[in-house]
Amino acid sequence: MDRSDTSRDRARQPSPSTGIGLLYIISLNHFVNDGSANLVSSLLPAMILAFGFTKFEVGVLVAVGYLVNMIFQPIIGRYSERSDAGKLLELGISIIATSMVMFAFSDTFVDMLISIFVLKFGSSFYHPVGVSLVSHSYTGKKLDSSMGFQSAFGNLGIVLAFALSAPAYLYLGWRGPFLIYFALEVATVAITLLAIRRYRRSHVNRSAENQVQEVKTPVTGKEGFLSRLGLPWFFILVAFVSGGTFAVFTNFGNILLFESGFSLSNSNFIMAVWVISGFVGALASGYLTNLLTRERLMPLSFLVSSIVTFPFAFLPGNLFVAVAALVINGFALAITFTTVYSELSYYLVGRNSTRKGSSYGLLFTAQTAGSSVMGLLGGYIAQLLELRTDFLIAAVLLLASTVVVGIWMKSSRKKKLIS
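Residues numbered from 1 in each chain as written. Predicted model: local features only at pLDDT ≥ 70, side-chain atom pairs only at ≥ 80, totals over all residues. Heavy atoms only, no water.

What follows covers a nonpolar patch on the surface. Residues Phe56, Leu376, Tyr380, Leu384 and Leu385 make up a contiguous nonpolar surface patch of roughly 500 Å² in combined accessible area. Tracing the chain through its elements places Leu376 in helix α15 (residues 356-384). (Patch = residues over 30% accessible without salt bridge, like charges linked within 9 Å, V, L, I, M, F, W, Y side chains within 5 Å. Areas by Shrake-Rupley, 256 points an atom, 1.4 Å probe, with all protein chains shown as cover. Salt bridge = Lys/Arg side-chain N within 4 Å of Asp/Glu carboxyl O. Helix = DSSP H or I, 4+ residues; strand = E, 2+ residues; numbered from the N terminus.)

Laid out in structure tokens, this is it:
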């Protein structure tokens, strides 16, 4: 890439002067994207009852959906560096809207599989595009708070999906929740189309210390391999675990609660509480980062999320234990995501990288790979053993990630000081 290419890429990015207005538009798209993507997850118990699917078939649907994300997110992330981000956000939500109509008229496993493919293809647009936009537009202390803000709205979208789906299904039938979301997605596309036009796409005049230029840094040995991969092993690993854990809770949490004696509505309500706590955790991540520093907050969030997963796995039928564990887990798990996003931005700035779209695409590929693998294994293990085993595996992986995060933080900050 020559200097003119770099300038053209920067010209396509909204200016930081767009401020909170742009952040609201990005967050709205995250809200609708994640809510739509998790609408099916909130209806998995209903799908089992209505269509007679086995837990393994549910695991296949979950795994295939995440596999589609894993394939297309890095491609879209790379393409986003040369394209209009606003149009990509609109395109993604439009494809999701199409999938909602398909779900509304699906009644076989094959129909559901095709609908999942379309849904997950559409949902592949937001994360590499939206999160990269935030990374481009905000720096310093604003970076963590902005990452937390947009991430919180993703959690809020999932809250709506879990809170709305069961009542809509019970009163309107299978088609009801999907047609409601179809209308919401059409409205979001219209709002984004109108709002994005307000922002000028012009060359961003940055100060010398913030100006991003592509620097050909010679790399050798292990670092060279990681550079060619696109991301260090640290980001691949922790994104895999965070994404996989989130998939286990999102797709199997309400099933475990349902099988432990709660009704479908109550199971979804309890899981909505989990997502609400994630919303609060994501919003609080910027404040907590300033209070504790990211070096301390990130390993602490993995550790806490791991510890509270154990009681939920063993006592899901106890209302107090289930709610308390989910509230703490949701809060801490959300912070693992926002701190990893910010840490990647910190890493890319340190290396003078201009390829944020591609890097975030790879990060979310690792995240969805974890979701796909743990989603498929979750269904198989639940069928072979028992569902709580999925959560115990997630707890152990989170605990191991705590050690990995601690090692990364210590070594990366030491290298920064030396350089």
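Turning to the side chain of Ser123, a few remarks are in order. When you line up the elements, Ser123 lands in helix α6 (residues 109-123). At 3.0 Å, the side chain of Ser123 and the backbone oxygen of Lys120 are in polar contact. Sequence-distant contacts of Ser123, that is, excluding residues within four places in its chain, are made with Asn33, Ala37, Asn69, Gln73 and Ile96. (Polar contact = N/O pair within 3.5 Å; in protein donor to acceptor, adjacent residues only side chain to side chain. Contact = heavy atoms within 4.5 Å.)

What follows deals with the environment of His127. Here His127 lies in helix α7 (residues 126-137). Since its relative accessible area comes to 11%, His127 is described here as buried. A sequence separation of 51 residues divides His127 from Ile76, and the C-alpha atoms of the two residues are 9.6 Å apart. In this view, His127 contacts His30, Asn33, Asp34, Gln73, Ser132 and Phe364; residues no more than four positions away in its chain are not counted. (Buried < 20%, exposed > 50% of the residue type's maximum accessible area, 1.4 Å probe, protein only.)

Attention now moves to helix α11 (residues 233-259). With 27 residues, α11 should reach 39 Å at 1.5 Å per residue; the first-to-last C-alpha distance of 38 Å fits that figure. Of all 27 residues in α11, 21 are buried, a share of seventy percent or more. Positive phi shows up at Gly261, right after α11, with a value of about 115°. (Expected span 1.5 Å × (residues − 1).)

The tally for this structure, following the rule as stated, stands at 24 aromatic pairs. Look at Phe51 and Trp174: their rings are 5.0 Å apart centre to centre, the planes differ by 85°, and that puts the pair in the edge-to-face class. Residue Phe51 is located in helix α3 (residues 44-51), and its partner Trp174 is located in the loop between α8 (141-172) and α9 (175-196); the two are separated by 123 residues in the primary sequence. Ring geometry for Phe153 against Phe279: centres 6.4 Å apart, planes inclined by 75°, an arrangement best described as edge-to-face. One end of the pair, Phe153, is in helix α8; the other, Phe279, is in helix α12 (residues 264-292), and 126 residues separate them in sequence. A relative accessible area of 21% places Phe153 in the partly exposed class. The exposure class assigned to Phe279 is buried, which follows from its relative accessible area of 19%. Chaining the aromatic ring pairs together yields one cluster made of Phe51, Phe53, Phe103, Phe109, Tyr169, Trp174 and Phe178. (Phe/Tyr/Trp six-rings, centres within 6.5 Å; stacked < 30°, edge-to-face > 60°.)

Here the focus is the pattern of salt bridges. The full count for this structure, using the stated rule, is 2 salt bridges. Of the charged contacts, one joins Glu343 and Arg294 as a salt bridge, the two residues approaching to 3.0 Å between their closest N and O atoms. Here Glu343 is found in helix α14 (residues 319-350), whereas its partner Arg294 is found in helix α13 (residues 294-314), with 49 residues between them in sequence. Take Glu343 and Arg294: they sit in the same class, and that class is buried.

Residues other than glycine predominantly adopt negative phi, and peptide bonds predominantly adopt the trans conformation. Positive phi values are uncommon outside glycine, yet Thr293 reaches one of about 80°. Looking at where Thr293 falls in the secondary structure, it is placed in the loop between α12 and α13. Assessed through its relative accessible area of 33%, Thr293 is described here as partly exposed.

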